[in-house]
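If you want the building blocks of each chain, they are given just below.
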Amino acid sequence: MGAIRNDWTLEEIRDIMNQPFNDLIFQAQSVHRMHFDPNEIQTSTLINIKSGGCAEDCAYCPQSAHHGTDVEKERMMEVQEVIEQALAAKECGATRLCMGAAWRNPSKQDFPRVLEMVRVVKALGLETCVTLGMLSDDQVQQLKDAGLDYYNHNLDTSEAFYPKIITTRNYQDRLNTIDKVQKAGINVCSGGIIGMGEEHKDRAELLRTFATMEHHPDSVPINLLVAVEGTPLAHMKDQTDSFEFIRVIATARIVMPKTYVRLSAGRMSMTDEAQSLCFLAGANSIFYGDKLLTTENPEANHDMQLFAKLGIHMQQNAKAEMTAKKMAEQITELTA
Ligand code: SAM
Ligand code: DTB
Ligand code: SF4
């Protein structure tokens, strides 16, 4: 137990997930303690650098141009605003900034600004993550050269259920991008969404896909669907049993012992007690800050209070102590 394996079968994963709840949580917490400080949580703050109007038709997503949500299509954010939001996130204690764009893939025109954002956020002493859709080989290399730490690219669900959720790309497209990113030496962040109408076996299959990768993703965000009005999945609101969600988290922890498992979107509809069970089950990362991309997230203050009740501390960033003077110098140099 707790060793890294890449040969998990679907049956093994289903057996882990379906064992009595107390046994599952005990096993997950035992594995968690082999590799991590059980009272430490990593915090990433999200910012939406390009909102709405996306060409893809992901049924869950409020930013798809195919659905009638009230998310406006906006122009790409200016680097200066990214700097301001990064500083605010750092001030609140986040260690990573995750910059998301509602793109199928980044255009040649927009890409240099993304690279600049990566460089400045890094210079502020934060870890960097971007999620931009599919990438060309050249773009992957440029992100690596800019110093990108993590690339987020979710598989979302099982290969079998995927066509019920997205028709504008296929599963292999996603796997190819993840593979390129990993080969370039960028940390991979890839996870999924629970509660889109998939079956229990699809959740096990998604975890099997990650757990049988040659290198497990460094970070696996597990999102609970945020059912947004105007999307085809709006009717799926409150359809997921919390215990089923916690079972997915615990199983992810057991089959990917060294991976950061992130309790991601959907915390607004979870009680503090359910979230605490997720931490007990091995979740050791959250999205931190009042907003996800277009929807609400618990207030940072509320999370701090919950952490205090649980005796949890936020992971520190090695570069967090960088002086304001040093930061200002680096930013001036990069934006000159
Ligand atoms: N366009 C890029 C892509 O799809 O890779 C990056 C941004 S996209 C919004 C990032 C991820 O957010 C999706 O892969 C999905 O897992 C998650 N997401 C989007 N809408 C969501 C929702 N309503 N509930 C839960 N997760 C959601
Ligand atoms: C991830 O797995 N979840 C984040 C991040 N990666 C990019 C996005 C959640 C989005 C929730 C819906 C919204 O706010 O638009
Ligand atoms: Fe576009 Fe990403 Fe939303 Fe899909 S999930 S519609 S690719 S922004």
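For clarity, every value in this text was computed on a predicted model and none was experimentally measured.

(A) Spotlight on the pairing of strand 8 (residues 260–263). In terms of strand pairing, strand 7 (residues 219–224) meets strand 8 through four bridges, oriented parallel. For Ser-219, the partnering residue across the bridge sits in strand 8 and is Tyr-260. Running through helix 8 (residues 242–255), the crossover from strand 7 to the neighbouring parallel element strand 8 is right-handed.

(B) Broad picture of the site of ligand 2. Taken together, the neighbourhood of ligand 2 is formed by Leu-46, Pro-62, Thr-131, Asn-152, Asn-154, Pro-221, Asn-223, Phe-287, Leu-292, Leu-293, Thr-294 and Thr-295. Within the side chain of Asn-154, a nitrogen or oxygen atom sits 2.8 Å from an oxygen atom of ligand 2. Asn-223 has a polar side-chain atom sitting 2.9 Å from an oxygen atom of ligand 2. Protein contact buries 89% of the 410 Å² of open area that ligand 2 shows by itself. Under a 2 Å grid-point criterion requiring more than half of the atoms, the pocket assigned to ligand 2 is the largest cavity.

(C) Representation of the site of ligand 1 within the structure. Near ligand 1, the surroundings consist of 17 residues, among which Tyr-60, Asn-154, Asp-156, Arg-174 and Val-226 are the closest. In the environment of ligand 1, a nitrogen atom lies 3.0 Å from a nitrogen or oxygen atom belonging to the backbone of Tyr-60. In the environment of ligand 1, an oxygen atom lies 2.9 Å from a nitrogen or oxygen atom belonging to the side chain of Asn-154. Coverage of ligand 1 by the protein amounts to 90% of the 560 Å² it exposes when considered alone. A per-class count over the shell around ligand 1 returns 11 nonpolar, four polar and two charged.

(D) The arrangement of empty space enclosed by the protein in detail. Inspection of the entire model under this criterion finds three cavities of 30 Å³ or more. Computed from the structure, the largest cavity encloses a volume of approximately 800 Å³. Along the wall of the largest cavity there are 38 residues; nearest its centre are Tyr-60, Cys-61, Gln-63, Asn-154 and Leu-293. Looking at the lining of the largest cavity, the elements with two or more residues in it are strand 1 (40–50), strand 2 (96–101) and strand 7. When residues in the lining of the largest cavity are grouped by element, the largest group, three residues, is from strand 7.

(E) Just the pairing of strand 3 (residues 127–131), in detail. The buried count for strand 3 comes to four of five residues, which makes it a mostly enclosed element. Running through helix 4 (residues 111–123), the crossover from strand 2 to the neighbouring parallel element strand 3 is right-handed. Sheet topology note: the strand 3/strand 4 (residues 150–152) ladder contains two bridges and is parallel. Bridging from a neighbouring strand, Val-130 pairs with Tyr-151 of strand 4.

(F) Geometry of the UniProt feature "binding site: [2Fe-2S] cluster" (unreviewed entry) in the protein. UniProt records the feature "binding site: [2Fe-2S] cluster" (unreviewed entry) at Cys-98, Cys-129, Cys-189 and Arg-262, using the numbering of this structure. Across 165 residues, the annotated set stays spatially compact, with a maximum C-alpha separation of 14.0 Å. For Cys-98, the location among the structural elements is in strand 2. When neighbours within four sequence positions are excluded, Cys-98 is seen to be in contact with Thr-45, Leu-46, Ile-47, Cys-129 and Thr-131. Topologically, Cys-129 is positioned in strand 3. When neighbours within four sequence positions are excluded, Cys-129 is seen to be in contact with Arg-96, Leu-97, Cys-98, Met-99, Leu-148, Tyr-150 and Asn-152.

Cut-offs and rules
- Residues numbered from 1 in each chain as written.
- Chains lettered and ligands numbered in written order.
- Predicted model: local features only at pLDDT ≥ 70, side-chain atom pairs only at ≥ 80, totals over all residues.
- Heavy atoms only, no water.
- Pairing = 2+ DSSP bridges.
- Helix = DSSP H or I, 4+ residues; strand = E, 2+ residues; numbered from the N terminus.
- Right-handed = clockwise from strand over helix to strand, strands pointing away.
- Near = heavy atom within 4 Å.
- Polar contact = N/O pair within 3.5 Å; in protein donor to acceptor, adjacent residues only side chain to side chain.
- Areas by Shrake-Rupley, 256 points an atom, 1.4 Å probe, with all protein chains shown as cover.
- 1 Å grid on protein atoms, 1.4 Å probe; cavity = no way out; pocket = protein on both sides within 12 Å on 5 of 7 lines; lining within 4 Å.
- Sits in = over half its atoms within 2 Å of the grid points.
- Nonpolar A, V, L, I, M, F, W, Y, C, P; charged D, E, K, R; others polar.
- Points joined across faces, edges and corners; volume = space filled by probe spheres on them.
- Buried < 20%, exposed > 50% of the residue type's maximum accessible area, 1.4 Å probe, protein only.
- UniProt positions renumbered as here; feature names shortened; annotations may be inferred.
- Contact = heavy atoms within 4.5 Å.

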